[in-house]
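Take a look at the letters that make up each chain.
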Amino acid sequence: MNIFLPIEKLKNVGPKNLPRLNKLGIKTVKDLLWHFPVRYEDYTKTAPIAEIEAGQKINIRGEVVKITVRRIFPRRMSVTTAIVQDQSGAVKAVWFNQPYIADQLTEGTFVSLAGKIHIDKHGTYLSNPTYEKIFSFNPVPTDTTADDSDLPDETPVIRYEEEPANLIHTGGFVPVYPETEGITSKYLRFLIKPLLPNCRFTDHLPEAISKKYGFRELNAAVNSIHFPKNENEAQNAKERLAFDDLFLFQLKALTERRKLNQLKSVPVAFDQKAAQDFVAGLPFELTHDQKVAAWEILKDLQKSYPMNRLLEGDVGSGKTVVALLAAVQTAQSGYQTVFLAPTEVLARQHFKTITDLTRNKDINIGLLTGSSACMNDQEIKKGLLKNKSADGTLDIIIGTHAVIQKDVAFKNLALVVIDEQHRFGINQRAALIKNQGGEKINSLIPHLLSMTATPIPRTLALTIYGDLDISIIKEKPKNRKKIITSVTTPSKIKWAYDFIREEVAKGRQVFVICPRIEPDEPKIGVFLKTRQLKMNMAWADAKAVEEEYKKLSKEIFPDLKVAMLHGKMKPKDKNRIMEDFKNGVFNILVSTSVIEVGVDVPNATVMAIESAERFGLAQLHQFRGRVGRDEYQSYCLLFSSTADKKINKRLEALVECDDGFVLAEKDMAIRGPGEFFGVKQSGLPDLGMASLANVDLIKKARFEARLLLKEDPGLKKYPLLSKKLESFQRLTHFE
Ligand code: ADP
Ligand code: MG
């Protein structure tokens, strides 16, 4: 069978189920067979009916001795009740709203049932069990086998002509799949099982690797992941298939890296004296980690191929000044730097910081955002700024997406810095390199430094950002105090509001972050375009902020000055509110979770987060980093909207720990890697994704990928793998 056959060609896929399957990402037979189970039900043992106990999930087999359908008219419900008997006893099975079952399991039918045993005032029964008929369930004549001869004559010996192995829903290890409305695991098993023996996949994994790790051959692995004999077999298959994903991902990252290293960039001289002068002129002393990171970056800039480095550092760890050091060296060598920020407020803040820190240097700084342009301290026309960028007057151009537009040209761009890189997305980054390089400076590619304040677990970074070098700032500047964090359950809310009031009375300011009220899931079959989806989300953010703003300004703090900030406001208004807040015009700022969080307001000492349980630990930690930027003791109040101890216990982790990397690891263990920025966009298939916490497997994949490329960079000896890699690259480039 052609594995790329569209599923609508399958006999059992009709017009009703087609869009539902598509929704699960299933379009071809291959997709269907690559729709892997999330877990299994163990029905390898059949229980004698007499021995079943309430609460168990079990398989029983027996004869239907009675079946009835009762209709409950006012509610248009039906209840089908069957009595099933084996040699040991009988039990009731009950189905709701499936009256047709009575036509299938007529009295005298032999059936295999799997499900949960309930016990209540109606007695002991199986509720909505999965059922399969057992065909040819014949009592064997007593005189045929010697073994049976010592059984009393009146006991018929039961023999299945069909081996229980043929039961796919109620016997053995039964796969449970990711489902969607209308697509049950039963239906998926029913589709997948008959396809398996008819499909062949060519195994692209080098045999030596499979052997070394004891992986099963690809076809065997696909078979076993769907219908394994036991947990072990399932686990081995899963590892093998996850390894495939991770291995290809590593090969992709490493080959991309190799390609990048063959491109040309301007080498920026490392002028140690100038760097030392710059550092000596700063109003603070750099931390050890800052120095190391700066050194790594300046070393990279010296090379004649593009730097591709990620600077990872907790909020407030001082990444900006490290990047600035690189930009200053670039300027002093006569080249330009672009400094990109995800929001206008952040771009403006960087502009101000950078202008201040370079005041006594002969460096021209520009700012370009959607709404305005500045040069050094002056507001100027956008057109003029663009001219000054193109003719090389400007050394450092700071801005938002506006800088990426086609009409912005450079004379000799050598370095691109992207702040809060996760807000730009991975592909955008690649696009940026392409846009900014090119003909502009004799096809030289600018060096790239991306920065993120979201600590990413090491294994995750190695996989998702496998083509990047990483510098890490773990240390905080010395003058920082630990931020006092508390989890505020609904019963303590009054205390928290009083506390906020006290801080305001002392002259301090307060951030309140609201989580999004999620917009309704689109109906089945409706695919929202990404842009539309983003719009919906921005509206949902705005709504949440407006409601909170109303509550705080009208009911709780009517006497204080409260402002709000969300993405649906005009950039001009946002800037004004942010400026005003910085200047102390407002006491409290209510804001969305995704917008304007990178700002620096040293006078703010309280970060209050509504429904904190809805955020990941790493993200909460990032919000917390917005306060504690001055000598004042600062606080983080995590408002939990639940009294659930287990949920609040997760939040308690923040009370103890203020290491973003540790929190990130915890997050990954609790919520899985999908919650991290860049992971979903990475194009890594589901199984690979699910295995991102498997450090061991990732290390193996990385090790083998390196080894293979070292031995055979063009994968000439592995044509199958090379082809597979090509299609994988195509796939991940066009998402
Ligand atoms: P982030 O890494 O979150 O982007 P910033 O670069 O915005 O952090 O730095 C946060 C604040 O800390 C800024 O006000 C910056 O001037 C200050 N800062 C940076 N490095 C140091 C240092 N070594 N000592 C003291 N303050 C510092
Ligand atoms: Mg920053």
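Just above sits the structure.
Model, not experiment: these values are computed from the prediction. (Residues numbered from 1 in each chain as written. Chains lettered and ligands numbered in written order. Predicted model: local features only at pLDDT ≥ 70, side-chain atom pairs only at ≥ 80, totals over all residues. Heavy atoms only, no water.)

Visitor: Explain the overall build of the protein chain residue by residue, including any values.
Guide: Secondary structure assignment for the protein chain yields 23 helices and 24 strands. Split into buried and exposed, the 735 residues of the protein chain put 52% on the buried side. The contacts in the protein chain between residues at least 6 apart in sequence include a share of 72% that link residues at least 24 apart. (Helix = DSSP H or I, 4+ residues; strand = E, 2+ residues; numbered from the N terminus. Buried < 20%, exposed > 50% of the residue type's maximum accessible area, 1.4 Å probe, protein only. Contact = heavy atoms within 4.5 Å.)

Visitor: Hey, could you go over the environment of aspartate 245 for me, with residue numbers and the actual values?
Guide: Topologically, aspartate 245 is positioned in helix 7 (residues 231–261). Since its relative accessible area comes to 10%, aspartate 245 is described here as buried. As a C-alpha pair, aspartate 245 and proline 685 span 440 residues in sequence and 6.7 Å in three-dimensional space. Apart from the residues within four sequence positions on either side, aspartate 245 is in contact with Leu684, Pro685, Leu687, Gly688 and Phe728.

Visitor: How would you summarise helix 10 (residues 319–332) if you had to cite specific residues and measurements?
Guide: With 14 residues, helix 10 should cover 20 Å at 1.5 Å per step; its first-to-last C-alpha distance of 20 Å lies within 8% of that length. Every buried residue belonging to helix 10 is among Lys319, Val321, Val322, Ala323, Leu324, Leu325, Ala326, Ala327, Val328, Gln329, Thr330 and Ala331, and all of these are buried. After helix 10 finishes, the residue glycine 334 shows a positive phi value of roughly 95°. (Expected span 1.5 Å × (residues − 1).)

Visitor: For the pairing of strand 2 (residues 57–72), give the residues involved together with the corresponding values.
Guide: Bridge count for strand 2 against strand 5 (residues 110–120) is seven bridges, and the pairing is antiparallel. The residue bridging arginine 61 from the neighbouring strand is serine 112, located in strand 5. Judged from the nine bridges that link them, strand 2 and strand 3 (residues 77–85) form a sheet pairing that is antiparallel. Bridge pairing in strand 3 places isoleucine 72 opposite methionine 77. Remark: four residues form the turn of the hairpin made by strand 2 and strand 3, two consecutive strands paired antiparallel; arginine 76 in that turn has positive phi of roughly 50°. (Pairing = 2+ DSSP bridges.)

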